[in-house]
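Residues per chain, in single letters:
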Protein chains: 2
Amino acid sequence: MTPVEPAGGTPAGDIEAREPQQRPPLRFWFEFASTYSYLSAMRIETLSRDAGTRIEWRPFLLGPIFRKQGWQTSPFLLHPAKGRYMWRDMQRQCERYGLPFMPPSPFPQNSLPAARIAHAGREQPWIGAFVRAVFMAEFGQGRDISDEGLLADILLDIGAPAREVLDASRSPGTKAGLREAVEEAETGGIFGAPSFVLADSELYWGDDRLEQALEAAARIPA
Amino acid sequence: MTPVEPAGGTPAGDIEAREPQQRPPLRFWFEFASTYSYLSAMRIETLSRDAGTRIEWRPFLLGPIFRKQGWQTSPFLLHPAKGRYMWRDMQRQCERYGLPFMPPSPFPQNSLPAARIAHAGREQPWIGAFVRAVFMAEFGQGRDISDEGLLADILLDIGAPAREVLDASRSPGTKAGLREAVEEAETGGIFGAPSFVLADSELYWGDDRLEQALEAAARIPA
């Protein structure tokens, strides 16, 4: 490309073709209580920018999906060997990614208040900063993310209109919208988090598939 | 290094330090019925040779471990959404690795006869070739690996003493040995396959962790 406007043809056609807004987005389904969602949440905005792919932030809740399978809590508690492994694996993955790691107590955390805020603000410019700050408080500092004071502080820190957002997060519309998001996830075949959905069909599950999902997104023509 | 023998010091000390036989091995726990074990089985010998790490082949059975958790069959059958995802993910991973993929019917296969042969021959020079041939028949060609005729053909193809090996695989010692291997796996915290165990402590689960397990193995001094 030359900085001089071309004499003919479609001006800046190549640039438009690479514009993230024009491409189908990668839907990022995350659950605030999920350890591996932390890994993806901290990495996805930088990686997707590099890949030229737009992210659609889709907070949801795994609890209702797990309960339909007969699980009353996290599979990491139901299966102690898997649980013990997960904590060690998370420690290793956080070291690899240069992320702090301090598990919260209790685990899993009650993620409903944070999920409602993220659902209400999912299209706001501060959504990425909010999601990262919540995950960092929870798994980087071991804090209780069901604490609405903490969530209000995070909103203020990132420059979001805290009072307005908290009110919106408690509205009937948000509550219903989040329930619908859970149904949409389940209907779309999602059974765990993080999950990545490309162009309404291709599903990728787990932080280990984030790079692959972004590679596939980059292969879709704008 | 110079090809000329040094005048003093320990001759070829650096070469000895890199000799795979001198290093603690990476234990490769695999289950012939497991789809993701196929991915690792086809890749591990080349990757471990490149990493200078010796592999200890540890066939085992997941059935007895799953049954203790109350699962009567594969979690991919118990959880249909996870099962559907697994087949699609396997298809994608096989494409990435350049492996053929044709799921066998029924799934999961009865892996006991193949596991007994692999247990009996786990320290034989043909073990890698046998394991790959069984997995390739099962997941590359969709064949039934409980068929002892197929297993005999594979042994002959790879130049193993088929009759002797099949007799050994049916011996009380092999049957007891495989049962003990399952107990050892469970005691070691293994809950799925493939799993990789480094220096009797560090556990890595899943084909996605094979490279990481080998990197960790390469960091251990001889």
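Per chain, residue numbering runs from 1 following the sequence as it is written. Here every chain gets a letter starting at A, and every ligand a number starting at 1, in the order they are written. Confidence filtering applies because this is a predicted model: local features only for residues at pLDDT of at least 70, side-chain atom pairs given and counted only at 80 or more, and all residues used for totals across whole chains, interfaces and linings. Remark: hydrogens and water are excluded; side-chain values derive from all non-hydrogen atoms of the structure.

1. With respect to the interface of chain B and chain A
Put simply, the rule is: Working rule for contacts: check all heavy atoms of both residues, and any pair within 4.5 Å makes them a contact. Using a 1.4 Å probe, buried area is obtained as the accessible area two parts lose upon being combined, added over both of them. Put simply, a salt bridge is a Lys or Arg side-chain nitrogen that is within 4 Å of an Asp or Glu carboxyl oxygen. Polar contacts, as used here, are pairs of N or O atoms within 3.5 Å; protein pairs need one atom able to donate a hydrogen and one able to accept it. Residues neighboring in sequence count only if both atoms are side-chain atoms.
Facing the 21 residues of chain B at the interface are 21 residues of chain A. Of the roughly 2,100 Å² buried between chain B and chain A on both sides combined, carbon and sulfur atoms contribute 45%. Here chain B is connected to chain A by ten salt bridges. Taking the shortest distance from any N to any O, the salt bridge between R92(A) and E202(B) comes out at 3.0 Å. Taken together, the links from chain B to chain A amount to 20 residue pairs in polar contact (both at pLDDT 80 or more).

2. Here we look at the pairing of strand β2 (residues 55–59) of chain B
Residues and elements named next belong to chain B. Condition: Only protein chains enter the accessibility calculation, which uses a 1.4 Å probe; a residue is then buried when its area is under 20% of its type maximum, exposed when over 50%, and partly exposed in between. Helix numbers and strand numbers start at the N terminus; a helix is a DSSP run of H or I with at least 4 residues, a strand a run of E with at least 2. When DSSP finds two or more bridges between two strands, those strands count as paired. Handedness of a crossover is defined as follows: orient the strands so they point away from the viewer, and if the path from the first strand over the helix to the second runs clockwise, the crossover is right-handed.
With four of five residues buried, β2 is to be regarded as a mostly interior element. Looking at chain direction, strand β1 (residues 26–30) and β2 are connected through five bridges and run parallel. Opposite F30, over in β2, you have P59 as the bridge partner. Taken together, β1, helix α2 (residues 35–51) and β2 constitute a β-α-β crossover, and its handedness is right-handed.

3. Considering the packing of helix α8 (residues 148–157) of chain B against helix α9 (residues 162–169) of chain B
Residue and element names in this part refer to chain B. Applied cut-off: Angles run from 0 to 180 degrees between N-to-C directions of axes, and those axes are lines fitted to C-alpha atoms, restricted for helices to the stretch in contact. Small angles under 35 degrees read as roughly parallel and large ones over 145 as roughly antiparallel, with 65 to 115 read as roughly perpendicular and the rest as oblique. Here a crossing is called left-handed whenever its near helix is offset anticlockwise from the far helix by less than a right angle, and right-handed whenever the offset is clockwise. Each residue is assigned to one of three groups, with Ala, Val, Leu, Ile, Met, Phe, Trp, Tyr, Cys and Pro labelled nonpolar, Asp, Glu, Lys and Arg labelled charged, and all others, Gly among them, labelled polar.
Where α8 contacts α9, the two axes come as close as 9 Å, and the packing angle between them is 130 degrees. Classified by the angle between their axes, α8 and α9 sit oblique to one another. Between α8 and α9 lies a crossing of right-handed hand. Contacts between α8 and α9 involve A152, L155 and L156 from the first element and A162, V165 and L166 from the second. Here the contact of α8 with α9 is composed, by residue class, of six nonpolar, no polar and no charged.

4. With respect to the packing of helix α7 (residues 127–140) of chain A against helix α8 (residues 148–157) of chain A
Residue and element names in this part refer to chain A. Closest axis-to-axis distance for the α7/α8 pair is 10 Å, and the angle between their directions is 140 degrees. It follows that α7 is oblique to α8 by the angle criterion. As α7 packs across α8, the resulting crossing turns out to be right-handed. Residue-level inspection shows F130, A133, V134 and A137 of α7 in contact with α8, the latter providing L150, L151, I154 and L155. In terms of residue class, the contact of α7 with α8 is made up of eight nonpolar, no polar and no charged.

5. Quick word on the relation of the copies chain B and chain A
The criterion, for reference: Copies are brought into register by a least-squares superposition over C-alpha atoms of residues with pLDDT of at least 70 in both.
Between chain B and chain A, the superposition needs a rotation of 180 degrees and an axial shift of 0.0 Å, giving an RMSD of 0.0 Å. Such a turn and shift between the copies fits a two-fold axis. Among all C-alpha atoms of chain B, that of D208(B) lies closest to the rotation axis, at 3.6 Å. Most of the interface of chain B is mirrored in chain A, where 100% of its interface residues are also at the interface.

6. Points about the pairing of strand β3 (residues 195–198) of chain A
Residues and elements named next belong to chain A. Alternating residues of β3 divide into S195 and V197 and F196 and L198, and every residue in both groups is buried. Sheet topology places strand β1 (residues 26–30) next to β3; four bridges connect them, and they run antiparallel. When the sheet's bridge partners are listed, L26 is paired in β3 with L198. Two elements, β3 and strand β4 (residues 202–205), share four bridges in a ladder whose sense is antiparallel. Within β4, the residue paired with S195 across the bridge is W205.

7. Remarks on the sheet that holds β3(A)
Residues and elements named next belong to chain A. The four strands are arranged β2-β1-β3-β4 in an open sheet whose pairing can be described as mixed. Each edge of the open sheet is held by one strand with a lone partner, namely β2 (55–59) and β4. The mean angle between the axes of side-by-side strands here comes to 20 degrees, regardless of whether they run parallel or antiparallel. In this fold helix α2 (residues 35–51) packs onto β1, β2 and β3, with an angle of close to 160 degrees to the strand it touches most, β1.

8. Looking at the confidence of the model for chain A
Residue and element names in this part refer to chain A. The criterion, for reference: The predictor's confidence in any single residue is recorded as pLDDT, a number from 0 to 100.
For chain A, mean pLDDT is 91; residues scoring 70 or higher make up 90% of the total. Confidence drops under a pLDDT of 50 for residues 1–18, and excluding neighbours within four residues, the segment shows seven contacts in the predicted structure. Prediction confidence for the complex, expressed as pTM and ipTM, is 0.89 and 0.88 respectively.

9. Describing the packing of aromatic side chains
Quick note on the threshold: Two aromatic rings from Phe, Tyr or Trp, using only the six-membered ring of Trp, form a pair when their centres are within 6.5 Å; if the ring planes differ by under 30 degrees the pair is stacked, by over 60 it is edge-to-face, and anything between is tilted. For a lysine, the NZ atom is tested; for an arginine, the CZ atom; a charge sits over a ring if that atom is within 6 Å of the ring centre and within 35 degrees of the ring normal.
One pass over the structure, following the stated rule, counts 37 aromatic pairs over all chains. Here F32(A) and F130(A) contribute two aromatic rings whose centre-to-centre distance is 6.3 Å and whose plane-to-plane angle is 85 degrees, an arrangement assigned as edge-to-face. Residue F32(A) is located in the loop between β1 and α2, and its partner F130(A) is located in helix α7; the two are separated by 98 residues in the primary sequence. Exposure remark for F130(A): the relative accessible area of 0% places this residue in the buried category. Considering the side-chain rings of W29(B) and F60(B), the 5.5 Å spacing of their centres and the 85 degrees angle between planes classify their relative orientation as edge-to-face. Placement of W29(B) in strand β1 and of F60(B) in the loop between β2 and α3 (63–68) is noted, with a sequence separation of 31 residues between them. The same class applies to W29(B) as to F60(B), namely buried. Following the ring pairs from residue to residue traces out a cluster consisting of F28(A), F30(A), F32(A), Y38(A), W57(A), W126(A), F130(A), F135(A), F139(A) and F196(A). The cationic tip of R92(B) hangs over the ring face of Y204(A); the distance from NZ or CZ to the ring centre is 3.8 Å.

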